[in-house]
Amino acid sequence: MLIDTHVHLLESKTCRPDWSEISYTFHVAKEKNIDVLCVTEHRDAVGYEELFIEIFLENRLGGQLNADGALQLAAGTIIRPAAEVSLFGGGDMGVHSDLNTVMSLSGRKNEYNVEDLLSFLSGRGEDYVSVAHHLLLNGKWWAGFEQVIHLVDAIEIPGKQASVMDDYLKLAVRHSKSRLSGSDAHTWIQLGAGLTRIEYEADRTKGVLGFDTALFKKFVLENETVPCVSNSADELVRIARLYKGRPGL
Ligand code: FE2
């Protein structure tokens, strides 16, 4: 199973959802044989609530909704609720959990430090996966990283920084962390820049969703996630940047 663990469906924090772009993003995911998209939308994005309510509660795009809020599209692609949370002191954490948990996170930027956020998640009593996102990007290193990294489940090997992938891998090894990769796509073009492979096939013949947070967590904690950064990652990122700057936006 191939999972993109870091996907945005809004082009920026100030955009509302563009539903034709989002539909096409899901089409491209199918074309690229991506089984799961984790929607790690910025929790402080103005369009977060509208996006998640329309996809996961009102089922705007059609499909089968799971008890934990995830959606399986008719084409088979699983869309999972998640969030990217801007931390107090700098940096971002990816949070994967059920719909109610990610919706109940504060939408205020820099509301949580790492301990506060993990304490909030633990207090919910639901499964979750926490990920240190793109630590080596400018300004994204966590304040007090050495003191808190043991609390986190995984370190991201971001597809959009393919040139320093080895540095990320060494960081994950040094701290004995699972490694997850995602595209950090803000448009359909960047999908596939980074993916996470797990040895699991959902049984879609029964029409049930075969991939929930508990299963994801199991693979993470057992260190059975394989980060896959595309050989074309740099090109995808470059073209996506041009697309985002297209006239009319
Ligand atoms: Fe992101």
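Report on the accompanying structure.

### Re the pairing of strand S6 (residues 92–96)
Of all 5 residues making up S6, 5 are buried, and the element is well covered by its neighbours. Judged by which residues are buried, S6 turns out to be covered on both faces: Asp92, Gly94 and His96 on one side and Met93 and Val95 on the other are all buried. With 5 bridges connecting them, strand S5 (residues 78–86) and S6 associate as antiparallel partners. Each residue of the ladder has a partner; that of Ser86, found in S6, is Asp92. Between S5 and S6, which pair antiparallel and follow one another directly, the connecting turn spans 5 residues, one of which, Gly89, has a positive phi of 95°.

### Looking at the environment of Val131
With respect to the helices, strands and loops of the structure, Val131 is situated in strand S7 (residues 129–132). Overall, Val131 belongs to the buried group, with 27 C-beta atoms counted inside 10 Å. Separated by 24 residues in the primary sequence, Val131 and Ile155 place their C-alpha atoms 5.5 Å from one another. Beyond its immediate sequence surroundings of up to four residues, Val131 is in contact with Thr5, Met93, Gly94, Asp153, Ala154, Glu156 and Leu180.

### Describing the nonpolar core
Generally speaking, a soluble globular protein has its nonpolar side chains buried in company with each other. Core analysis: the biggest nonpolar cluster contains 65 residues, and Leu37, Val85, Met93 and Val95 have the highest contact counts within it. Residues in contact with Leu37, not counting those within four places in the same chain, are Asp4, Val7, Ala29, Thr77 and Ile79.

### Concerning the pairing of strand S10 (residues 194–197)
Strand direction decides the pairing type here: strand S1 (residues 2–7) and S10, joined by 2 bridges, are antiparallel. Within the sheet, the bridge partner assigned to Leu2 lies in S10 and is Arg197. Here S10 runs beside strand S11 (residues 226–229); their pairing, made up of 4 bridges, is antiparallel. Across the sheet, Gly194 pairs through a bridge with Val229, a residue of S11.

The rules behind the values
Within any chain, residue numbers begin from 1 and follow the written order of that chain's sequence. Where totals are concerned, whole chains, interfaces and linings use all residues; where local detail is concerned, this predicted model gives features only for residues with pLDDT of at least 70, and gives and counts side-chain atom pairs only at 80 or more. Every C-beta atom is placed from the backbone, and the number of other C-beta atoms within 10 Å of a residue's own sets its class: buried at 20 or more, exposed at 12 or fewer, partly exposed in between. Secondary structure is summarised from DSSP: a helix means a run of H or I of at least four residues, a strand means a run of E of at least two, and numbering begins at the N terminus for each. At least two bridges found by DSSP between two strands is the condition for calling them paired. A pair of residues counts as a contact when their C-beta atoms, built from backbone coordinates, are separated by no more than 7 Å. We define a nonpolar core as a collection of buried residues of the types Ala, Val, Leu, Ile, Met, Phe, Trp, Tyr and Cys that are connected via C-beta atoms lying within 7 Å of each other.

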